[in-house]
Amino acid sequence: MAIPLPAVTWRLRQTRLPRLRGRCAACAAASTFDPTGKFRVNANGKTIDVWLLLRCQGCGQARKVTVVERSPVRSIDPALLRRYHDNDPELVAEVLLAAPLHRRNRLTVDWEGAWVLDADPIPGWAGRPVTVRVELVAAIPVRPLRLVADGLGISRAAAERLQADGRIRSSTRLDTRTSSGFSFTLDDPGPG
């Protein structure tokens with residue numbers, strides 16, 4: 001009967017909303033925008049527009065990004081419209097991460113500094129492999145190898161060497177972004 005490998009669980013959690021990157025019309029530069037957490041809703045006759053408001057980190061000017069454009073008022077679910085008017089924080093997060101918002105407004109999501117990895121320490125193990133499960137509490141796109149390096153407190157290059165040497169093994173590709181949990185087996189990395 002095989003003895004199960006010791007296991008550790010790490011959790012990646014979101015600490016704040018991500019920022020958006022794009023061009024600021026006010027300061028005419030590539031900039032990073034912070035979400036203000038507010039929508040602007042404008043109904044004109046039988047059509048409605050909804051924008052998410054952002055603030056440029058460079059110049060402090062507000063930027064409106066289109067969420068709904070000239071849609072018939074009756075096409076918007078009343079409950080959703082109420083959430084826009086109430087600046088629902090969950091809806092702000094949902095809209096902020098929606099791909100159509102990025103394409104339409106020429107923006108990219110910047111997750112840097114918006115998450116933290118709670119990595120339980122790996123218990124001292126005398127040469128025995130350990131299984132590490134990484135849970136993503138929020139769907140944050142990140143390279144698993146970066147999380148492995150952060151969790152072990154080593155550089156990404158050192159983690160790549162451990163993987164190349166076969167001391168880190170996973171059925172998940174560790175060099176491609178993922179938004180879901182994964183696990184890997186770690187042999188005693190020893191010194192370096």
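Structure: see above.
Just so we're clear, the structure is a prediction, and the values are computed from it rather than from any experiment.

Visitor: Would you take a moment to explain the pattern of salt bridges for this structure?
Guide: Opposite charge on two side chains allows them to pair when their charged atoms are near. The final tally for this structure, using the stated rule, is twelve salt bridges. Between glutamate 135 and arginine 11 there is a salt bridge, and its shortest N-O distance comes to 3.2 Å. In this pair, glutamate 135 sits in strand β8 (residues 130-136) while arginine 11 sits in strand β1 (residues 7-14), placing the two residues 124 residues apart along the sequence. You can call glutamate 135 partly exposed: its relative accessible area is 36%. Arginine 169 is the partner of aspartate 187 in a salt bridge, and the nearest nitrogen-oxygen pair spans 2.8 Å. Taken together, the positions of aspartate 187 in the segment after β10 (182-186) and arginine 169 in strand β9 (residues 168-169) put the pair 18 residues apart, joining distant regions of the chain. Arginine 169 sits in the partly exposed class, given a relative accessible area of 37%. When salt bridges with common partners are traced through the structure, they connect Arg83, Asp88 and Glu94 into a single cluster.

Visitor: What is the right way to look at the sheet that holds β8 in this model?
Guide: Pairing between sheet strands relies on hydrogen bonds along the backbone, with the strands arranged either parallel or antiparallel. Pairing in this open sheet of five strands is mixed, and the strands run β7-β1-β8-β10-β9 from one edge to the other. Bordering the open sheet on either side are β7 (115-119) and β9, each of which pairs with just one other strand. With five bridges connecting them, β1 and β7 associate as antiparallel partners. When the sheet's bridge partners are listed, tryptophan 10 is paired in β7 with alanine 119. On the sheet, helix α4 (residues 144-152) packs against β1, β7, β8, β9 and β10 and is oriented at approximately 55° with respect to β7.

Visitor: I keep staring at the pairing of β8 and nothing clicks. Help me out?
Guide: Along any regular strand the residues' side chains alternate between the sheet's two faces. Where burial is concerned, most of β8 is hidden: five out of the seven residues are buried. Examined bridge by bridge, β1 and β8 share six bridges and lie parallel to one another. Each residue of the ladder has a partner; that of valine 8, found in β8, is valine 132. As paired strands, β8 and β10 are joined by five bridges and run antiparallel to one another. Note on β10: the bridge partner recorded for threonine 131 is threonine 185.

Visitor: Which parts of the structure should I look at to understand unusual backbone geometry?
Guide: What is expected of a backbone is that most residues other than glycine have negative phi and most peptide bonds are trans. Backbone geometry places asparagine 87, a non-glycine residue, at a positive phi of 55°. Its location among the elements puts asparagine 87 in the loop between α1 (78-85) and α2 (89-96). Take asparagine 87: its relative accessible area is 24%, and that puts it in the partly exposed class. Of note, arginine 106 is a non-glycine position whose phi angle comes to about 55°, a positive value. Exposure remark for arginine 106: the relative accessible area of 75% places this residue in the exposed category.

Visitor: I would appreciate a short explanation of the packing of α1 against α2 in the present structure.
Guide: How two helices sit against one another is set out by the angle between their axes and by the gap between those axes. At their nearest, the axes of α1 and α2 sit 8 Å apart, and the two run at 95° to each other. As the angle between them shows, α1 and α2 are arranged roughly perpendicular. Here Leu80, Arg83 and Tyr84 of α1 lie close against α2, whose contacting residues are Glu90, Leu91 and Glu94. Taken together, the residues of the contact of α1 with α2 sort by class into three nonpolar, no polar and three charged.

Visitor: Before we go on, may I ask you to explain the packing of α4 against helix α5 (residues 156-164) in this structure?
Guide: Running from N to C, α4 and α5 cross one another at 105°; their axes reach a closest spacing of 8 Å. On the basis of their axis angle, the class for α4 and α5 is roughly perpendicular. Together, Leu145, Arg146 and Ala149 of α4 and Arg156, Ala159, Glu160 and Gln163 of α5 make up the contact between the two elements. Broken down by class, the residue content of the contact of α4 with α5 amounts to three nonpolar, one polar and three charged.

Parameters and conventions
- Residues numbered from 1 in each chain as written.
- Predicted model: local features only at pLDDT ≥ 70, side-chain atom pairs only at ≥ 80, totals over all residues.
- Heavy atoms only, no water.
- Salt bridge = Lys/Arg side-chain N within 4 Å of Asp/Glu carboxyl O.
- Helix = DSSP H or I, 4+ residues; strand = E, 2+ residues; numbered from the N terminus.
- Buried < 20%, exposed > 50% of the residue type's maximum accessible area, 1.4 Å probe, protein only.
- Pairing = 2+ DSSP bridges.
- Contact = heavy atoms within 4.5 Å.
- Axes fitted to C-alpha atoms, helices over the stretch in contact; angles between N-to-C directions.
- Parallel < 35°, antiparallel > 145°, perpendicular 65-115°, else oblique.
- Nonpolar A, V, L, I, M, F, W, Y, C, P; charged D, E, K, R; others polar.

On their own, these measurements won't tell you what the molecule is for.
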